Amino acid sequence: MLIGGAAREAAILGFHITPLFSYYAYHGPIFRVMVQLHNGKQDGISNYGFICHCKSCGQSRTFGFDELGQITCGCADKIDPDSITVVGPLWTGPLHDTTFLTEMLSLATEWGWANTIENGVSLEKLLDTMIEESDSRLPPGYIRLDEIASRAKVNSPPLGTLINSLRKEGYAACRSHIGANAIKTNCPIECCLDVAQEIRNLR
Ligand SMILES: [Zn+2]
């Protein structure tokens, strides 16, 4: 919402933005973002749109302004349209810039800041997570582990195991710096549930 507001204001003035990094601190809670302002309008795809979440199957999707009338879920034929929640308009593009974060991490290491610990997480680990989150294949948002567990009717799989299994299946997956018990992945929820069940069967 914050980045979306900045993107909208920039567009009105004839500029466009790219977020360099976005940091969420749950105590507060506070959301900080550093953006780079560029001259001229953005060409190509718009990163300002809507995110819909289907309560019935758990899948989230991103829609642009031109698709507003067509918001549905793949499972919609079986359920009532009230199960879909739409939020927006908001920023649906990347939250970080990989190159910028990588430079931040190398400077932090050089300056001896990398092992600084805040809220139980070292700066190095936080930046590593944010670098993983900056993978352009990943959608905005995250999936909570307990949602996967309850839909798959299994105990919560270990976070690292689930991420590795999803990567083995060819999907992008990583931890989320926003939620300790959540993952970011481009794997459809249905497939996540299969993977979670497979992990249960292996244990
Ligand atoms: Zn659905």
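Quantities reported herein were computed from a predicted structural model and do not represent experimental measurements.

Undergrad: Describe in detail the coordination of the zinc ion, supporting the description with residues and values.
TA: Protein-derived ligands of the zinc ion are Cys54 (SG), Cys57 (SG), Cys73 (SG) and Cys75 (SG), with the metal-ligand distances lying across 2.1 to 2.3 Å. Metal-centred angles of 100 to 114° between the four donor atoms at the zinc ion mark the site as tetrahedral. Between consecutive donors of the zinc ion, the numbers of intervening residues give the motif C-x2-C-x15-C-x1-C. Of this pair, cysteine 54 sits in strand β3 (residues 48–54) while cysteine 75 sits in the loop between β4 (60–64) and β5 (84–91), placing them 21 residues apart in sequence. Each member of the pair, cysteine 54 as well as cysteine 75, is classed as buried.

Undergrad: Describe the domain arrangement of the protein, with residues and values.
TA: Taken domain by domain, the protein holds domain 1 (1–47) and domain 2 (137–203). A separation of 28 Å is found between the C-alpha centroids of domain 1 and domain 2.

Undergrad: Tell me about the nonpolar core, residues and numbers included.
TA: Within the largest apolar cluster, 18 residues are counted, with the highest numbers of intra-cluster contacts made by Ile148, Leu162, Leu166 and Ile183. If you list the elements that add at least two residues to this core, you get α4 (145–152), α5 (159–168) and α6 (189–202). Residue contributions to this core peak at six residues, all from α6. Apart from the residues lying within four places of it in its own chain, the contact partners of isoleucine 148 are Ile143, Leu162, Ile183, Cys192, Leu193 and Ala196. One finds Phe21, Tyr23, Ala25 and Leu105 within the second-largest nonpolar core, a separate group that totals nine residues.

Cut-offs used in this document
Residues numbered from 1 in each chain as written. Predicted model: local features only at pLDDT ≥ 70, side-chain atom pairs only at ≥ 80, totals over all residues. Heavy atoms only, no water. Donors = N, O, S within 2.8 Å, 3.2 Å for Na, K, Ca; no water. Tetrahedral: all angles 85-135°; square planar, octahedral: opposite > 155°, others 65-115°. Helix = DSSP H or I, 4+ residues; strand = E, 2+ residues; numbered from the N terminus. Buried < 20%, exposed > 50% of the residue type's maximum accessible area, 1.4 Å probe, protein only. Domains from an automatic or database assignment. Core = buried A, V, L, I, M, F, W, Y, C linked by side-chain atoms within 4.5 Å. Contact = heavy atoms within 4.5 Å.

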